[in-house]
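Okay, here's what each chain looks like letter by letter:
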Amino acid sequence: MSKKPVLYYTPRSPPCRAVLLTAAALGVELELRAMNLKDGDHLTPEFLKLNPLHTIPVLDDDGVVITDSHVICSYLADKYAVDESMYPKDKLKRMEVDARLYFECGHLFPRVRIMVEPIIYFGHHDIEPEKVSYMQKAYDGLEKALANSKYLCGDNLTIADLCCISSVSTGMLFAPIEEDKFPKLKAWVERLSELPYYKKNNQEGAEILYTFVKAKMEENKKAKEESS
C-alpha cells in the first residue's frame, strides 16, 4: 500500500489551507502533521532538512519534498487529477492559471500579511485604514478577472481559485468585500463557499486565525495601556 502524502501545516495559514482545499478537490487523502511555529517546530533540525527556508506548508510525498503552496497544488493536480480541468496541460491555459497563482502570492497574500503580522508578532493593536484599503484594491483585479466567467480562469474550477480563495476569505474578515463595488467577486466567494469540502479545509482555519488576531489585538492594546 502506498503511503499518504504528508503535509506539514497549520490550519490558520492561508497557504496551508490552499493545499488542503486542493487535496480535497482532488480526493487525495493527506497525513496531516500540525506545526506549532510559536514553539519553533519549523526550526528543528529534522524540519530544516526538509525545508531549509523553514516555511510551511511542506509536502513529503514518499520522499518527494515540495516547499511552496503553489508548487504543491500544481504537483498534486499534475499527479492525482483524473482530468486536466484543475490545472490544464495546454500551455496557454496553464499560463493563465499560473498568472493567477502569481497574483495570489504577489498581491493577495502579502496584503493579508501586512494586516495581521504586526498584530501577531510586533505588538500592534489595530489595523491601519490604509492597510484595509490596500487589501481592497487587490479585489479589483479579481473582479475584472471574473468579468466573463464563473471562475478565475474560465468556467472550470482550477487551483488558481483554491489558492486565491484562501487569501481572499482571510482578507475579507479584516477588509470586507463591498458588494456594490465587487459583485462578481462576492458571488465567486459564495460559489466557492458552497463546495462540500470548503468549510472543513478553509473556513474553519480562517475563523481560527480571525479569533486569534482579535484576541491579540485586545492583548496588545491592554499591554500598551498598562505600560503608558
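This text gives an overview of the structure that appears in the document. Since we're looking at a predicted model, the values are computed, not measured. The residue count restarts for each chain, going from 1 along the sequence in the order it is written. For this predicted model, a pLDDT threshold of at least 70 governs which residues receive local features, and a threshold of 80 or more governs which side-chain atom pairs are given and counted, while totals over whole chains, interfaces and linings are taken from all residues. Hydrogens and waters are ignored; side-chain quantities use all the structure's heavy atoms.

A word on unusual backbone geometry
Test applied: Counting from the N terminus, the helices are the DSSP runs of H or I reaching at least four residues and the strands are the DSSP runs of E reaching at least two.
Between Ile56 and the following residue, Pro57, the backbone shows a cis peptide bond with an omega angle of 10°. Residue His54 is not a glycine yet carries a positive backbone phi of 45°. Located in the positive-phi region is Asp62, a residue other than glycine, with phi close to 55°. Summarising the element assignment, Asp62 is placed in the loop between β3 (58-61) and β4 (64-66).

Here we look at the pairing of strand β1 (residues 6-9)
Basically, it comes down to this: Exposure classes here rest on a 1.4 Å probe applied to the protein chains alone. A residue is buried below 20% of its type maximum, exposed above 50%, and partly exposed in between. One requirement defines pairing of two strands: DSSP has to find at least two bridges between them. For the handedness criterion, the strands are oriented away from the viewer, and a crossover whose path from the first strand over the helix to the second runs clockwise is classed as right-handed.
Side chains of β1 alternate between two faces, with Val6 and Tyr8 and Leu7 and Tyr9 buried alike. Relative to strand β2 (residues 31-34), β1 is paired through four bridges, and the arrangement is parallel. Residue Tyr8 lies in a different strand from β2, and its bridge partner there is Arg33. In this region the chain leaves β1, passes through helix α1 (residues 14-26) and returns to the parallel neighbour β2; the handedness of that crossover is right-handed. Pairing between β1 and β3: three bridges, direction antiparallel. Its bridge partner lying in β3, Leu7 is registered against Leu59.

Side note on the layout of surface pockets
Selection criterion: Cavity means a closed set of points on a 1 Å grid over the protein atoms alone, one where a 1.4 Å probe fits but cannot get out, pocket means an open set with protein on both sides within 12 Å along at least 5 of 7 lines, and lining means a residue has an atom within 4 Å of a point. Grid points are joined across faces, edges and corners, and a volume is the space filled by probe spheres set on the points.
Its boundaries defined by the atoms lining it, the largest pocket holds a volume of some 1100 Å³. Lining the largest pocket are 32 residues, with Ser13, Leu37, Ile56, Glu117 and Tyr121 positioned closest to its centre. Sorting the residues of the lining of the largest pocket by element identifies α1, α3 (69-80), α4 (91-121) and α8 (198-227) as the ones contributing at least two each. Considering each element in turn, the lining of the largest pocket owes the most residues, nine residues, to α4.

Some words on the state of the cysteines
Our working rule: The disulfide criterion used throughout: a pair of cysteine sulfur atoms within 2.5 Å.
Considering all chains together, one arrives at zero disulfides under this definition. Cys105 forms no disulfide, and the closest cysteine sulfur to it belongs to Cys163, at a distance of 9.1 Å. Judged by its relative accessible area of 36%, Cys105 is partly exposed. With relative accessibility at 1%, the residue Cys163 sits in the buried group.

Some details on a nonpolar patch on the surface
Rule in force here: Patch definition: residues above 30% relative accessible area lacking any salt bridge, with like charges linked at up to 9 Å and the nonpolar side chains Val, Leu, Ile, Met, Phe, Trp and Tyr linked at up to 5 Å. Residue-level accessible areas treat just the shown protein chains as cover; the underlying method is Shrake-Rupley with a 1.4 Å probe. The working definition used for a salt bridge is a side-chain nitrogen of Lys or Arg within 4 Å of a carboxyl oxygen of Asp or Glu.
A cluster of nonpolar side chains, Leu37, Tyr121 and Phe122, forms an exposed patch at the surface whose accessible area comes to about 340 Å². With respect to the secondary-structure elements, Leu37 resides in the loop between β2 and α2 (45-50). According to the relative accessible area criterion, Leu37 is partly exposed, its value standing at 31%.

Brief notes about helix α7 (residues 183-193)
For an α-helix the count is 3.6 residues per turn, leaving residues at separations of three or four pointing the same way. This is how it is decided: In this context, the arc is that of the directions from the helix axis out to the C-beta atoms. Only heavy atoms enter the contact rule, under which two residues are in contact if any of them lie within 4.5 Å.
Of the positions making up α7, those classed as buried are Leu185, Trp188, Val189 and Leu192. Buried positions in α7, seen along its axis, are confined to an arc of 100° and lie on one side of it. Considering only its buried residues, α7 is in contact with α5 (129-145), α6 (159-174) and α8.

Side note on the side chain of Ser149
Going by this rule: Residues adjacent in sequence count toward polar contacts only when both atoms are side-chain atoms; beyond that, a polar contact is any pair of N or O atoms within 3.5 Å, and within protein one must be able to donate a hydrogen and the other to accept it.
Tracing the backbone shows Ser149 in the loop between α5 and α6. One polar contact links the side chain of Ser149 to the main-chain carbonyl oxygen of Tyr151, over a distance of 2.7 Å. Once residues lying within four places of it in the same chain are set aside, the contact partners of Ser149 are Gly154 and Asp155.

Examining the pattern of salt bridges
The tally for this structure, following the rule as stated, stands at 11 salt bridges. Measuring nitrogen to oxygen at the nearest pair gives 2.9 Å for the salt bridge that ties Glu31 to Arg33. On the basis of relative accessibility, which here comes to 34%, the residue Glu31 falls in the partly exposed class. The exposure class assigned to Arg33 is partly exposed, which follows from its relative accessible area of 36%. In this structure, a network of salt bridges that share partners links the residues Asp78, Lys89 and Arg94.

Focus: the environment of Lys131
Examined against the element boundaries, Lys131 turns out to sit in helix α5. Owing to a relative accessible area of 18%, Lys131 belongs among the buried residues under this scheme. Here the alpha-carbon distance between Lys131 and Ala175, two residues 44 residues apart in the chain, equals 8.5 Å. Excluding residues that lie within four positions of it along the chain, Lys131 makes contacts with Ile114, Met115 and Pro118. In this structure the side chain of Lys131 is engaged in a polar contact, spanning 3.2 Å, whose partner is the backbone oxygen of Ile114.

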